[in-house]
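Commentary on secondary and tertiary structure
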Amino acid sequence: NLRGTSSYLYLDNIVLSPKQPPMARIEIETKTASGNIVRKIKTFGVGDSLQAESGLAQYENFTVSEINPNGYVTFLNGTTIRRGEVIGDTNELNMQKVQIRETIKSHFEKERQLFKRGIKCLSLFFIDEVVKYKSYDDEGKEVKGVFQSIFEEEYRNQLSKELDLFDEEYNNYLRRFNAEDVHRGYFSIDKKSGRMIDSKIEKKSGLSDDITAYDLILKNKERLLSFEEPTRFIFSHSALREGWDNPNVFQICTLKHS
C-alpha cells in the first residue's frame, strides 16, 4: 500500500488512432473501494481530470490540456510530463522499476525490427548485488530477488501489448517462452557452494577481478545468439572488462545504486 501524499505521475505511452484524438496512458495513485492507495495505469483524453479518476485530492488541477503525439502531456496547472518520465514522490526502487519497464519496452521495439532480419536482440542489466537478482534460503533453495520479480511482472505486462494482429510469426516467437525463461544472471560462482556471489571489484579500474562470470557469456556466445535459446535479458554484477563484445546487446540498463 502507498500513502498517496504527492502527485505521483508516470507517462506510460501515447495511444494514436487514425479516427480518434490521441489518448495518454498515465500511471497514477488511486483509492480502492477498501480505502487503500494503489498505483494503476489509466487512459486519459484532453479535458479528463486525474482527481476525478483517482478520488484523491493530491491531483487537484491535474486536468489534461494537451496530448502531443511526439510523446508528452501537459496539464492545466502547467505541468508537463514526457513518455517514460516519472514525477512526484518516488523512491529508488520505484525508479528502478520504471527503468526495467522502459528497457523491456525498448527491447520489444528493437526486437520486432531485428527478428525479421534474423538478428537476435539482447538487453543487459547491471546491478550492484547478486541478492537483488537471486538469493538462497536456509535450506539452500533459490529465491527470486526483487529485480527478478519486478522484471517478470513487467515482462508479462508488456508482452500482452506486443502481440500484433498482423505479425503472427513474431507473435509465435514471443509465445514460445515464459517470463521465467527469457532472463539469466551471469555472476561469479563460489567454488565451494556453487552459488552465485558478488564479484570483487578492483579499486583502480572499478571492474571485476573475476573473469569467470563473463566466460559464461563468451564461451556460450553462439548459443546465446540462437533463437532456440530463450535468454534475451542478461543480469550482471559489474562493468564488463575490455575485450567483452556482443554487438547484439541493444539496451543497457544500470540499476546499481549511484
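Residues numbered from 1 in each chain as written. Predicted model: local features only at pLDDT ≥ 70, side-chain atom pairs only at ≥ 80, totals over all residues. Heavy atoms only, no water.

1. Quick notes on the confidence of the model for the chain
- In this model, the chain carries an average pLDDT of 81, and 80% of its residues clear a pLDDT of 70 or more.
- Element-level mean pLDDT values for the chain span from 48 in strand β13 (residues 196–197) up to 96 in strand β4 (residues 64–68).
- In this model residues 1–5 is a low-confidence stretch, pLDDT under 50, and it forms 13 contacts with partners more than four residues away in sequence or in other chains.
- Counting contacts from residues 201–213, a segment whose pLDDT is below 50, to residues more than four positions away or on other chains yields 28 contacts. (pLDDT = per-residue confidence, 0-100. Helix = DSSP H or I, 4+ residues; strand = E, 2+ residues; numbered from the N terminus. Contact = heavy atoms within 4.5 Å.)

2. Focus: the packing of aromatic side chains
- Across all of its chains, the model carries 16 aromatic pairs by this definition.
- With 4.6 Å between their ring centres and 15 degrees between their planes, Phe 125 and Phe 235 make a pair best called stacked. Of the two residues, Phe 125 sits in strand β8 (residues 122–126) while Phe 235 sits in strand β14 (residues 233–236), which places them 110 residues apart along the sequence.
- Look at Phe 235 and you get buried, because its relative accessible area is 0%. (Phe/Tyr/Trp six-rings, centres within 6.5 Å; stacked < 30°, edge-to-face > 60°. Buried < 20%, exposed > 50% of the residue type's maximum accessible area, 1.4 Å probe, protein only.)

3. What to know about the pairing of β4
- Direction of pairing for β4 relative to strand β5 (residues 72–75): antiparallel, over a ladder of 4 bridges. Each residue of the ladder has a partner; that of Ile 67, found in β5, is Val 73.
- The hairpin turn running from β4 into β5, its antiparallel successor, is 3 residues long, and Gly 71 in that turn takes a positive phi close to 110 degrees. (Pairing = 2+ DSSP bridges.)

4. With respect to the sheet that holds strand β3 (residues 37–44)
- Read from one edge to the other, the open sheet built from 4 strands follows the order β3-β2-β1-β7, with strand pairing classed as antiparallel. A strand with exactly one partner marks an edge of an open sheet, and here the two such strands are β3 and β7 (86–87).
- Packed on one face of the sheet, helix α2 (residues 92–115) meets β1 (9–17), β2 (20–31), β3 and β7 and runs near 25 degrees to β1. (Axes fitted to C-alpha atoms, helices over the stretch in contact; angles between N-to-C directions.)

5. Here's the deal with the pattern of salt bridges
- Applying the stated criterion to the full structure yields 22 salt bridges.
- Across the pair Glu 152 and Arg 156 runs a salt bridge, and its minimum N-O distance is 3.9 Å. Pair noted here: Glu 152 and Arg 156 are both in helix α3 (residues 146–162), with a separation of 4 residues, about one helical turn.
- Since its relative accessible area comes to 3%, Glu 152 is described here as buried.
- Look at Arg 156 and you get partly exposed, because its relative accessible area is 41%.
- Glu 229 is the partner of Arg 223 in a salt bridge, and the nearest nitrogen-oxygen pair spans 2.9 Å.
- Within the structure, one salt-bridge network assembled from shared partners comprises Asp 12, Arg 25, Arg 83, Glu 102, Lys 105, Glu 109 and Lys 161. (Salt bridge = Lys/Arg side-chain N within 4 Å of Asp/Glu carboxyl O.)

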